[in-house]
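Remarks on the overall topology
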Amino acid sequence: MSKVEFEHLFSPIKVGPMLVPNRICETTNTINSSQIPGEIDENYIAHHAAKARGGTGWIGSETWLLHFPFPRAAPDEVGLSVGFAAHQSAYQNPAFLEGMKKFIGEVHDAGSVAIVQLTHLSAVWAPSEIPAVGAQDHCPHELGDEEIEAILDIYGDAAAAAKACGADAIEVHCAHETLGYTFLSPVTNQRTDKWGGGPQERIRFVVEALKKVRDAPGKDVALGIRMSGKEFRKGGFDNIESREMTYYIGETGLLDFVSVDVGHCWGSPSYVPSSYFSHGEFRECGKAVRADLGDNIKVLFAGRVNDPVIAEEMLQEGYCDLIGMVRAGIADAEFANKAREGRLGEIRRCISCTRCIDEASEPMTFPYKPRCSINPVIGNEVRWKNEFKPAEKSKRVVVVGGGLAGCEAARIATERGHKVTLFEQGKRLGGQLNLAARASGRDDFEDQIYFEENEMERLGVDVKLRTDADVATIKALSPEAVVIATGAVPRVPHDVVGLDLPHVVQGWDAIRGTAEVGQRVAIVSQEDYYETPTIAEYLAQKGKDVEVFTKSTQLGFEIARYSVAMVLAHMENVGVKVTPNLVLNEIKSDGLEFVSSFGGHKYRKEAFDSVVLIYGQVPVHGLYDQLVADGDIEEVYIAGSAWIPRFMAEATEHGASIGLTI
Ligand SMILES: Cc1cc2nc3c(=O)[nH]c(=O)nc-3n(C[C@H](O)[C@H](O)[C@H](O)COP(=O)(O)O)c2cc1C
């Protein structure tokens, strides 16, 4: 591949008094990397500073959540006080400030700039007694004038602390579920006093907060806001009104930058758009604001830009001055350096599965820590710092299975100096990713297969495709360590009658194209994550009439609230019908007999040509059992779904962890 020139991406830019070394921005992402609540620990520093060292010029790290003067003796409902005094913000904790100074020092040493985002959430207190976001139906406390003044002072106080820590810029968060947003939105701001009204009145709170930040004692910093370019909420502001408000805020002369994204936290899109959206889909929102504001206020756009080439194009075509690339840096902290050095093929591109934000908002597995489906370092930065080093002795290693777990075990073991042979029975690496990527809303998943294929070639792993491995094949190579990553197969329910009827097929065979599926399809699911929506989407896009029957209260029951709305909206868009709360008892040639999940009532559903079953997976571990019983090879590992079928992140982490251990 000829070297791509990144004329714009790597050019510095002045934002107010701040010189940003390039256009690549880690906009703020509260991924909860610190393991010590209320403090900045070594995990936090390792996570975010790695991005600075990896070439990201603008480091937004994690938001500073600000406190509120709760009524006397009221419990702190938003939990800001975890780890330090009740009803205080983290910035009032000396240990937090100490950590922040150290962190900003590392960011500066790497040549990047540090941005502090100030956030007042709006779940508990708000301009009006209207829930801040669709995800909550609790009525917040309506702020009185004195309370608003107290909150504005807190912005000033926090800004002084941020300046003292060495921040280069301060961003007042006015998007998503924040107090700034609820003042700006015509849905949530119903006030008739000076804080409410039309767009010019609703900006008052934000402008006053900006003044407090500007006037706070300390160094001269760049000042900006995070602003939603479009709410995507019933009755919310559209792009025209967002531009109008941004323009009026800009007119005050207080702004050096505006960071634009779209959506709020429970919606479609959410502000962390998934792979159902195209790359930088809402980029026009950045371009419009940029045209309105003129040259002095720089515009940052963020929203599913995962590729330096796309980022370069967007800069060149004037969509923005700076590009948010948060998840690009979670998937690969080194992506910017790799792009600059022309090593594009080595970049692990974010697949926009949204596991990172799901984990941060509603942790799914223990221990609670940041997770990425494809980058095993995330959440384990300190371990990697200590353990990712050349192996003391180079060993002969055999890996069986080329899914995520097997590939990661092979990749890391090879990087550490072992000689690895990988057997894969299919024609391609990637395991289940090959199935997921067949649905068009998930086709980015194929990027991870390309990554693994490229890495195997670059590192010199001996990959043997279309090859079954048994104990004899493995022993013929005299390995000193063996990794069994043979994955999983679909689970067949043991308590359903009629499974042998000819119109019953497994979901994997339906998406693989190895089973015939008729026009009217009933998908019966006992799987609560992405497998069901992905197979449903695939069949709907083939023109089938698809209805999903799920045992749970909704399709995608395990998908966190920041992402699930995108899944449900996408299902509607592709024409998939969903019926919740049903457990399948019996399949007959002319219908399906269900019982309701909770009430025990019986239901019959008819008129389907095919029944597609999705009941989760069972591990394939026979080869591991045989090797252990055989006992000749000392180091035998089992990895990923062959051990227990979980999610991508767990398979990735498990495989890589074995690669670190061998
Ligand atoms: C785990 C996670 C936490 C986030 N937390 C915040 C936050 O605290 N404040 C904020 O303004 N945006 C937050 N975001 C949104 C990001 O700044 C960014 O706008 C979003 O991820 C889309 O950009 P991307 O496609 O480059 O990832 C978060 C995103 C992620 C993935």
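About the cut-offs
- Residues numbered from 1 in each chain as written.
- Predicted model: local features only at pLDDT ≥ 70, side-chain atom pairs only at ≥ 80, totals over all residues.
- Helix = DSSP H or I, 4+ residues; strand = E, 2+ residues; numbered from the N terminus.
- Rg over C-alpha atoms; globule rule 2.2 N^0.38 Å.
- Buried ≥ 20, exposed ≤ 12 C-beta atoms within 10 Å, placed from the backbone.
- Contact = placed C-beta atoms within 7 Å.
- Pairing = 2+ DSSP bridges.
- Axes fitted to C-alpha atoms, helices over the stretch in contact; angles between N-to-C directions.
- Near = placed C-beta within 6 Å.
- Nonpolar A, V, L, I, M, F, W, Y, C, P; charged D, E, K, R; others polar.
- Domains from an automatic or database assignment.
- Right-handed = clockwise from strand over helix to strand, strands pointing away.

Some remarks on the overall build of the protein chain
Check the secondary structure of the protein chain and you find 22 helices and 28 strands. Taking 662 residues into account, the globule formula puts the C-alpha radius of gyration at 26 Å, and the protein chain, at 26 Å, falls close to it. Referenced to the eigenvectors of the C-alpha coordinate spread, the extents of the protein chain come out at roughly 75 × 65 × 50 Å. Every one of the 662 residues in the protein chain was classed for burial, and the buried ones make up 54%. Summarising the internal contacts of the protein chain: among those between residues at least 6 apart in sequence, 73% fall at separations of at least 24.

A few points about the sheet that holds strand β28 (residues 635-638)
Ordered by their spatial adjacency, 5 strands build an open sheet running β16-β15-β14-β17-β28, and the pairing between neighbours is parallel. Each edge of the open sheet carries a strand with a single partner, namely β16 (462-464) and β28. The sheet shows a mean angle of 15 degrees between the axes of neighbouring strands, taken without regard to direction. Across 5 bridges, strand β14 (residues 396-400) lies against strand β15 (residues 419-423) in parallel orientation. Considered in β15, the bridge of V399 is made with L422.

As for the site of the ligand
Near the ligand, the surroundings consist of 25 residues, among which T27, N29, T30, V326 and R327 are the closest. If you list the elements that add at least two residues to the shell around the ligand, you get α10 (326-331) and α12 (355-361). Along the lines of polarity and charge, the residues of the shell around the ligand split into 11 nonpolar, 10 polar and 4 charged.

Some points on unusual backbone geometry
Cis geometry marks the peptide bond from S268 to P269, where omega comes out at 0 degrees. On the secondary structure map, P269 appears in the loop between β11 (257-261) and α8 (283-293).

What about the domain arrangement of the protein chain?
According to the domain assignment, the protein chain contains domain 1 (13-352), domain 2 (391-485 + 621-626 + 644-661) and domain 3 (492-615). Placing the centre of domain 1 and that of domain 3 at their C-alpha centroids yields a distance of 40 Å.

So, the pairing of β15
For β15, a buried count of 4 out of 5 residues is recorded, marking the element as mostly surrounded by other parts of the structure. Regarding the hand of the β-α-β motif, the stretch spanning β14, helix α14 (residues 404-415) and β15 is right-handed. Alignment of β15 against β16, held across 3 bridges, turns out to be parallel. Bridge pairing in β16 links L422 to V463.

Overview of the sheet that holds strand β23 (residues 582-588)
The strand order β23-β24-β25 describes an open sheet built from 3 strands, whose pairing is antiparallel. Lying at the two open borders of the sheet, with one neighbouring strand each, are β23 and β25 (602-605). If you compare each strand with its neighbour and ignore which way they point, the axes differ by 25 degrees on average. Relative to strand β24 (residues 591-596), β23 runs antiparallel, the two sharing 6 bridges. In the strand pairing of β24, L582 is matched with S596.

Digging into the pairing of strand β6 (residues 113-119)
Extensive coverage of β6 is indicated by the burial of 7 of its 7 residues. In terms of strand pairing, strand β4 (residues 58-59) meets β6 through 2 bridges, oriented parallel. Counted as the bridge partner of W58 is V113 from β6. Bridge count for strand β5 (residues 64-65) against β6 is 2 bridges, and the pairing is parallel. Bridging from a neighbouring strand, L65 pairs with T119 of β6. Inspection of the sheet shows β6 paired to strand β9 (residues 169-173) by 4 bridges, in the parallel sense. Looking at β9, one finds that I115 is bridged to A169.

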